[in-house]
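# Examining the three-dimensional arrangement
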Amino acid sequence: MRDQITEEIRQLEEAIPKMIEIARGFNLDFYPMRFEICPGDIIYTFGAYGMPTRYTHWSFGKNYHRMKTQYDYNLSRIYEMVINSDPCYAFLLEGNTIIQNKMVSAHVLAHCDFFKNNVYFSSTNPKDIIESMAVAAERIRQYELIHGQQRVESFIDTVMSVQEHIEPHRMIKQKDPRDQEKKEKVCCSGNDKGTPYDDLWNLEKSAPSCNCQGNCARKKKTLPQQPEKDLLLFIMENAKGLEEWQLDILSTLRDEMIYFWPQMQTKIMNEGWATYWHLRIMREMDLDEAEVIEFAKMNAGVILPSRNSINPYYLGLKMFEDIEKRWDQEYGAGAGREKIFEIREIDNDASFLRNYLTKELVEELDLYLYRKIGHDWKIVEKNWEKVRDHLVSSMTNCGIPVIMVEDGDYDLRGELYLKNIFENRELDIKYLEKTLIHVYNLWNRPVHLETKIDNKPALFSFDGEKGNRKFL
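In this report, the structure presented in the accompanying data block is examined. (Residues numbered from 1 in each chain as written. Predicted model: local features only at pLDDT ≥ 70, side-chain atom pairs only at ≥ 80, totals over all residues. Heavy atoms only, no water.)

## Considerations on helix α9 (residues 231-238)
Burial analysis of α9 places seven of its eight residues in the buried class, the great majority of the element. Those residues of α9 that are buried are in contact with α6 (149-160), α10 (244-265), β6 (403-410), β7 (415-420) and α18 (429-443). (Buried < 20%, exposed > 50% of the residue type's maximum accessible area, 1.4 Å probe, protein only. Helix = DSSP H or I, 4+ residues; strand = E, 2+ residues; numbered from the N terminus. Contact = heavy atoms within 4.5 Å.)

Here you go:
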């Protein structure tokens, strides 16, 4: 058995340089590659945590148990895991056959090309990500020793409840110390000239009302100055009462979500791109008849369409192949390949589907919308434009409801007012009410969320003791 494993590793070590050469011949451009064969326990640990090293949390253990159980009962299988890093690490599952490892090696070469060249990954810092996550994990372990594991894990629970509410393309601006020196002029006499009593006027700056009879130029300073999508960043910069270690955890989880966000934005494109290229790389490999048959079976399993969900490998592959064919027909041979490289660079799933999912593809792939009516699931829509628009809507903002910070000083009481940008998808009320409690624990003052229920404006609030809801 050991001799067989050694022989398979030798064959793989010979095959990978050939695949890299073929991939470069196709103009794929990827980071230096590092391949490692790992036991199932390790692969599924990495899969549950999302990275080889990360802070500990009960939800990762839950993910591991679910994924490993499915693997043990042969219900699902992770053949590989690839990390968006420089160099790029690919972990192959011990127990894969040699042809399976060849295929997944070709697959991850294309993933790495996508990581390196797609614009949405440009802010993910691949050179330092593994080390920075390891350092962050160690800091959080120290916080658990100092403040107690239960308290730290409870705070992580709170942050994770809203961790998707970020603006990944907004950079944190360093505050200019000169801004602190700028004072708003308060004029209650109509005279803007400085006086020896300006410091007394400044004490009144935050007063909610002015009873003077002169021309009062004092205006309420809005916070934020315009609606803010990055809830985590707004809380980091403006919440009262958070300790340094809590701010550090907030910042850490926000940074990690920024790293993972592009993968959520490009799931269909990324998997379709990798499938498109593993097919073409493997066709160039010198495979014997048995390997060709095994490869065909495995690839068929990867792209097998589902009756009740989207298979990103299949949809992405078919779209890239369709684009290449249409551009070649319209603009000449080679134009299609050039076009898909351009799309790989500038698009995400929402724009990919909006711009390139055609009527012919929707009909060919038999895409439709369905919902439960009574006790049965039924097809409710097959119009290609409505199917496409629904898919685009579900991919917008990674399918996460858009919540904007409207006011961080609501009613001049320091309360937090949030607004759901309604897109014909109602929020889950039970989840909403539980999440408001977590937001309160971060903001430490009452919080409010405006949304729509039955197409009517509604306001949900939590004041630290009880929740409240009302129609506006």
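Structure shown, so let's carry the discussion forward.
## Thoughts on the sheet that holds strand β3 (residues 88-93)
Strand order in this open sheet of three strands is β1-β3-β2, and the pairing throughout is mixed. At either end of the open sheet lies a strand with only one pairing partner, and these are β1 (33-38) and β2 (80-82). Strand-to-strand twist in this sheet, taken as the mean axis angle between neighbours without regard to direction, amounts to 15°. In this sheet, β3 lies alongside β1 in parallel orientation, the contact comprising six bridges. By the bridge assignment, Phe 35 is partnered in β3 with Ala 90. Along the sheet, helix α4 (residues 98-117) contacts β1, β2 and β3; its crossing angle with β1, the most-contacted strand, is approximately 140°. (Pairing = 2+ DSSP bridges. Axes fitted to C-alpha atoms, helices over the stretch in contact; angles between N-to-C directions.)

## Brief notes about the pattern of salt bridges
Tallied over the entire structure, the rule returns 26 salt bridges. Among the ionic pairs, Asp 411 bridges to Arg 413, the shortest N-O distance being 3.3 Å. The partner of Glu 415 in a salt bridge is Arg 413, with the nearest N and O atoms 3.0 Å apart. On the accessibility criterion, Glu 415 (9% relative accessible area) is buried. Taking the relative accessible area as the measure of exposure, Arg 413 reaches 48% and is therefore partly exposed. (Salt bridge = Lys/Arg side-chain N within 4 Å of Asp/Glu carboxyl O.)

## Brief notes about the environment of Trp 443
With respect to the helices and strands, the residue Trp 443 is situated in helix α18. Here Trp 443 is in contact with Phe 234, Ile 235, Asn 238, Ala 239, Lys 240, Gly 408, Gly 414, Glu 415 and Leu 416, once residues within four sequence places are set aside. Among the polar contacts listed, one links the side chain of Trp 443 to the backbone oxygen of Gly 414, at a separation of 2.8 Å. (Polar contact = N/O pair within 3.5 Å; in protein donor to acceptor, adjacent residues only side chain to side chain.)

So yeah, pure geometry; function would need other evidence.
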